[in-house]
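For reference, the chains in residue letters:
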Amino acid sequence: MELIRQPIFLLLMTTSVSFEVFLSCVSYFAFGDEPKLVKNSVLAVMFLSGLFGAVLSASSAVAREIKTGTALAVLAKPVSRAQFIFGKFFGVAASLLVMTYVNLIGALLSTRMAFDAYGSVDTLALGIFVAFLLLGYAIAGFTNFFLRRPFMADAVLSLVITLTIGFVIIYFQKKESTMTVTYTGMDWRMVPASILILFALWILSGAALAASTRLDVLPTLAICSVLFLLGLMSDYLFGRRAEDGSWWANILYTVTPNWQLLWLADVLEGKKSFPWPYVAKAFGYTACYVGAALSLGLWLFEDRELG
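Quantities reported herein were computed from a predicted structural model and do not represent experimental measurements. The numbers attached to residues start from 1 for each chain and follow its sequence in the written order. A pLDDT threshold of at least 70 governs which residues receive local features in this predicted model, and a stricter bar of 80 or more applies before side-chain atom pairs are shown or counted, although totals over entire chains, interfaces and linings include all residues. Heavy atoms from the whole structure form the basis of all side-chain values; hydrogens and water molecules are not counted.

Moving on, we come to the pattern of salt bridges. When a carboxyl oxygen of Asp or Glu lies within 4 Å of a side-chain nitrogen of Lys or Arg, that pair is called a salt bridge. Under the defined criterion, the tally for this structure stands at eight salt bridges. Note that D187 is salt-bridged to K39, the shortest N-O span being 2.7 Å. Of this pair, D187 sits in the loop between α6 (151-171) and α7 (190-212) while K39 sits in helix α2 (residues 34-68), and the two are 148 residues apart along the sequence. Assigned by exposure class, D187 and K39 land together as buried. Via salt bridges that share partners, K39, D187 and R189 belong to a single interconnected network. Numbering of helices and strands runs from the N terminus, with a helix taken as a DSSP run of H or I at least four residues long and a strand as a DSSP run of E at least two residues long. Three exposure classes are used, based on accessible area relative to the maximum for each residue type with a 1.4 Å probe and protein chains only: buried under 20%, partly exposed in between, and exposed over 50%.

Set out below in structure tokens:
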């Protein structure tokens, strides 16, 4: 609840979902590959916004509370440092789940609204989305002014509800096909693809939480950004040398999270089916890496001076 009350969380969530829908309203002239381009762009926006959300949430949950003395007040109670770290992680993971769910709504809408060179902007779906987005903010403003409730938390909750209702209404709006353009509807394969993105964000949040036990927001963001870039190039930097028998490359290839394992945008091409068993394997990979990151964070936090 403390994390979703942060203004940056609401700003990231609103900006990312709005930009995802905006990407489906642009003429790309990509020779028939417009839907594929929109899907890849939407997943990239989801991943990048989640990176900032994970780092800022982890820093707010740990580094800021250490600096303000809140962590010391909590640990003065019968609360162990392990409970503190694991509780903070599950709070960050839950907030990222909320952000990813809202971004998933935008991703599904973008697959429905994407059009090729012969199509046009789906103004009806765009209008419904904007109306329910503004309605969420209006409800939060009403409860804040008349009921004295916190605006940020109510805005996040109301946006989750209103955007879900708007998504259902748009889903049942029929789009007519013509001889030159055929609408394929929503691509539900974005659901498992978004789940894999969520797994990647959980890994990043575990690393950010470990770094936040010793560092402030900007150093933590720098470390996670480097980890993000190394993970994108892991196969190229370490994978080939590990196959050739290099021991140091094998260690780095194991330690560095490989984001390519959680980025299956190629499966969204054509009519390929998404392998759900692979999602289960990816969850095991995520659990192992998060466990290692939290163990490192707990080791760094054990002798951290809080006074």
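That was the structure; now back to the text.
Here the focus is the packing of α2 against helix α4 (residues 81-113). To define axes, lines are fitted to C-alpha atoms, for helices over the stretch in contact only, and angles between the resulting N-to-C directions are given on a 0 to 180 degree scale. Contact geometry of α2 with α4 gives a least axis separation of 9 Å together with a crossing angle of 160°. Put simply, α2 runs roughly antiparallel to α4. The two elements α2 and α4 cross, and the hand of that crossing is right-handed. Three classes are used, and their members are as follows: Ala, Val, Leu, Ile, Met, Phe, Trp, Tyr, Cys and Pro are nonpolar, Asp, Glu, Lys and Arg are charged, and the others, Gly among them, are polar. Looking at the contact of α2 with α4 residue by residue, the class counts come to 13 nonpolar, nine polar and three charged. Roughly parallel means an angle under 35 degrees; roughly antiparallel means over 145; roughly perpendicular covers 65 to 115; every other angle is labelled oblique. Crossing handedness: left-handed means the near helix sits turned counterclockwise from the far one by under a right angle, and right-handed means the same turn made clockwise.

What follows concerns a nonpolar patch on the surface. A patch consists of residues whose relative accessible area exceeds 30% and which take part in no salt bridge; residues with like charges are grouped when within 9 Å of each other, and nonpolar side chains (Val, Leu, Ile, Met, Phe, Trp, Tyr) when within 5 Å. Note on areas: Shrake-Rupley, 1.4 Å probe, and residue coverage restricted to the protein chains presented here. A cluster of nonpolar residues, W247, W248, I251, L252 and V255, forms a patch on the protein surface that exposes about 540 Å² of accessible area. Its place among the elements puts I251 in helix α10 (residues 247-255). Relative accessible area serves as the criterion here: at 47%, I251 is assigned to the partly exposed category.

Time to look at the environment of I165. On the secondary structure map, I165 appears in helix α6. Residue class for I165 comes out partly exposed when judged on its relative accessible area of 42%. Between the alpha carbons of I165 and I128 there is a distance of 10.0 Å; along the sequence they are 37 residues apart.

Our focus in this paragraph is the side chain of S158. Here S158 shows up in helix α6. Here a polar contact is taken to be a pair of N or O atoms separated by no more than 3.5 Å, where protein atoms must pair a possible hydrogen donor with a possible acceptor and residues adjacent in sequence count only if both atoms sit in side chains. A polar contact is formed between the side chain of S158 and the backbone oxygen of A155, at a distance of 3.0 Å. The contact rule is simple, with two residues in contact once any of their heavy atoms fall within 4.5 Å. In this structure, S158 is in contact with G136, I139 and A140, ignoring residues within four places of it in sequence.

Its identity as a non-glycine residue notwithstanding, R148 has a phi of 60°, on the positive side. Here R148 lies in the loop between α5 (123-147) and α6. Here R148 falls in the exposed class, since its relative accessible area comes to 66%.

One way to put it is that α7 packs onto helix α11 (residues 276-302) with a least axis distance of 7 Å and a crossing angle of 10°. On the basis of their axis angle, the class for α7 and α11 is roughly parallel. Looking at the contact of α7 with α11, its residues break down into 21 nonpolar, three polar and no charged.

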